[in-house]
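Working through the structure, step by step
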Amino acid sequence: EDKVVQSPLSLVVHEGDTVTLNCSYEVTNFRSLLWYKQEKKAPTFLFMLTSSGIEKKSGRLSSILDKKELFSILNITATQTGDSAVYLCAVQGGSEKLVFGKGTKLTVNP
Amino acid sequence: DTEVTQTPKHLVMGMTNKKSLKCEQHMGHRAMYWYKQKAKKPPELMFVYSYEKLSINESVPSRFSPECPNSSLLNLHLHALQPEDSALYLCASSQDWMTATNEKLFFGSGTQLSVL
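Residues numbered from 1 in each chain as written. Chains lettered and ligands numbered in written order. Predicted model: local features only at pLDDT ≥ 70, side-chain atom pairs only at ≥ 80, totals over all residues. Heavy atoms only, no water.

Looking at empty space enclosed by the protein
All names here are of chain B. Note the threshold: Each cavity reported here is a set of points on a 1 Å grid over the protein atoms alone in which a 1.4 Å probe fits but cannot get out, each pocket an open set with protein on both sides within 12 Å along at least five of seven lines, and each lining residue one with an atom within 4 Å of a point. Grid points are joined across faces, edges and corners, and a volume is the space filled by probe spheres set on the points. The secondary structure listing takes helices from DSSP runs of H or I that are at least 4 residues long and strands from runs of E that are at least 2 residues long, numbered from the N terminus. Side-chain classes are defined by residue name, with Ala, Val, Leu, Ile, Met, Phe, Trp, Tyr, Cys and Pro counting as nonpolar, Asp, Glu, Lys and Arg as charged, and the others, Gly among them, as polar.
A complete count under the given rule lists one cavity of 30 Å³ or more for this structure. Taken as a whole, the largest cavity spans an internal volume of roughly 40 Å³. Every residue along the wall of the largest cavity is listed here: His-29, Arg-30, Ala-31, Met-32, Tyr-49, Ser-50, Tyr-51, Glu-52, Cys-68 and Ser-71. Elements supplying a minimum of two residues to the lining of the largest cavity: strand 4 (31–37) and strand 5 (44–50). Here the lining of the largest cavity is built from residues that sort into five nonpolar, three polar and two charged.

Below, the structure written as structure tokens:
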């Protein structure tokens, strides 16, 4: 059975800190790994990763995939209160369905 | 337009009521999805429509009935729900059914459903 595990489940930091969120997976026939940010309702798309070692960047957020070790990290530098959200990792494998992790709840305090 | 629009945003219904959730997208996407999300849990897939045909039903109880009238619209008809069905119901769409690499889901804001 495909599995996605995120850690930590919860994280509290101060504005300006740098955080690293982890996502490990076990899926058959890996296709892609996606990161979403969920603030209140709609998960919003952040990154899609399909190849190892290629870092995706968007402003203060970046992500990288290691297909050999079966994990991805999401980095957020110089965190702001607006970064407070649940960050979801999802993997698409041979089942053709996205398998979601439980998410990491990030709280950024002023 | 990169939006998936869901209505209503909030719904309270009794166990004997019949109601419908609606979802609309105008991105030309050919796959649409219903997810259920309980508090502090990840989204759980319920149904997938691909080219207006039901492709996946994740053993969802028959009190949930999906409908795809056309490629832009997706409904979820609710009847005789139970209190444990209270959750956030998310609609999503993608360019195609996720058999191809590089597909990503666009989510709507969801309908927060409370069953009394």
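Read on for the rest.
Focus: the nonpolar core
Inside soluble globular proteins, nonpolar side chains tend to come together where they are buried. This is how it is decided: Nine residue types can take part in a nonpolar core, namely buried Ala, Val, Leu, Ile, Met, Phe, Trp, Tyr and Cys, and a core is a set of them joined through side-chain atoms within 4.5 Å. Only protein chains enter the accessibility calculation, which uses a 1.4 Å probe. A residue is then buried if its area is under 20% of the maximum for its type, exposed if over 50%, and partly exposed in between.
Counting residues in each nonpolar core, the largest one holds 23 residues, and the members touching the most others are Trp-34, Phe-64, Leu-76 and Leu-78 of chain B. Elements with a contribution of two residues or more to this core: strand 2 (10–13), strand 3 (18–25), strand 4, strand 5, strand 7 (64–70), strand 8 (73–79), strand 9 (87–94) and strand 11 (111–115) of chain B. Counting 22 residues, the second-largest nonpolar core is a separate cluster that includes Cys-23, Leu-74, Ala-85 and Tyr-87 of chain A.

Let's talk about the layout of surface pockets
Volume-wise, the largest pocket comes out at about 530 Å³. Every residue lining the largest pocket is counted, 23 residues in all, and those nearest its centre are Val-86 of chain A together with Lys-38, Ala-39, Lys-40 and Lys-41 of chain B. For the lining of the largest pocket, the secondary-structure elements that each account for two or more residues are strand 9 (85–92) and strand 11 (104–109) of chain A together with strand 9 of chain B. If you tally residues by element for the lining of the largest pocket, the top one is strand 9 of chain A, at three residues. Residue composition of the lining of the largest pocket, grouped by class: eight nonpolar, seven polar and eight charged.

A short note on the sheet that holds strand 8 (residues 71–76) of chain A
All names here are of chain A. Which entries qualify depends on this criterion: When DSSP finds at least two bridges between two strands, those strands are taken to pair. Only the stretch in contact is used when fitting a helix axis, every axis being a line fitted to C-alpha atoms; angles between N-to-C directions are given from 0 to 180 degrees.
Spatial ordering of the open sheet is given by 1-3-8-7-6, a layout of five strands whose pairing is antiparallel. In this open sheet, the two strands that pair with only one neighbour each are strand 1 (3–7) and strand 6 (56–58). Strand after strand, the sheet turns through a mean of 15 degrees between neighbouring axes, direction not considered. The pairing of strand 1 with strand 3 (residues 19–26) spans five bridges and is classified as antiparallel. The residue bridging Ser-7 from the neighbouring strand is Asn-22, located in strand 3.

Some thoughts on the interface of chain A and chain B
Heads up, the rule is: The contact rule is simple, with two residues in contact once any of their heavy atoms fall within 4.5 Å. When two parts are brought into contact, each loses some accessible area as probed by a 1.4 Å sphere; the total of that loss over both is the buried area. Only one rule defines a salt bridge in this text: a Lys or Arg side-chain nitrogen within 4 Å of an Asp or Glu carboxyl oxygen. Distance and chemistry together define a polar contact, namely a pair of N or O atoms within 3.5 Å, with one atom able to donate a hydrogen and the other to accept it when in protein, and with adjacent residues in sequence counting only for side-chain atoms on both sides.
Listed per partner, the contact involves 18 residues of chain A and 24 residues of chain B. Across the chain A/chain B interface, buried area totals approximately 1800 Å², and carbon plus sulfur atoms make up 61% of it. Counting across the interface, chain A meets chain B through zero salt bridges. Summed over the shared surface of chain A and chain B, the result is two residue pairs in polar contact (both at pLDDT 80 or more). Elements represented by at least two residues in the side of chain A that touches chain B include exactly strand 4 (32–38), strand 5 (43–49), strand 9 and strand 10 (98–100) of chain A. Each residue belonging to the side of chain A that touches chain B can be placed in one class, and the counts come to nine nonpolar, four polar and five charged.

Section: the pattern of salt bridges
Counting across every chain of the model gives four salt bridges over all chains. The salt bridge involving Asp-83 of chain A is made with Arg-60 of chain A; its shortest N-O contact spans 2.8 Å. With Asp-83 of chain A in the loop between strand 8 and strand 9 and Arg-60 of chain A in the loop between strand 6 and strand 7 (61–66), this pair connects stretches of sequence that are 23 residues apart. A salt bridge links Asp-85 of chain B to Arg-63 of chain B, with the nearest nitrogen and oxygen atoms 2.7 Å apart. With Asp-85 of chain B in the loop between strand 8 and strand 9 and Arg-63 of chain B in the loop between strand 6 (53–57) and strand 7, this pair connects stretches of sequence that are 22 residues apart.

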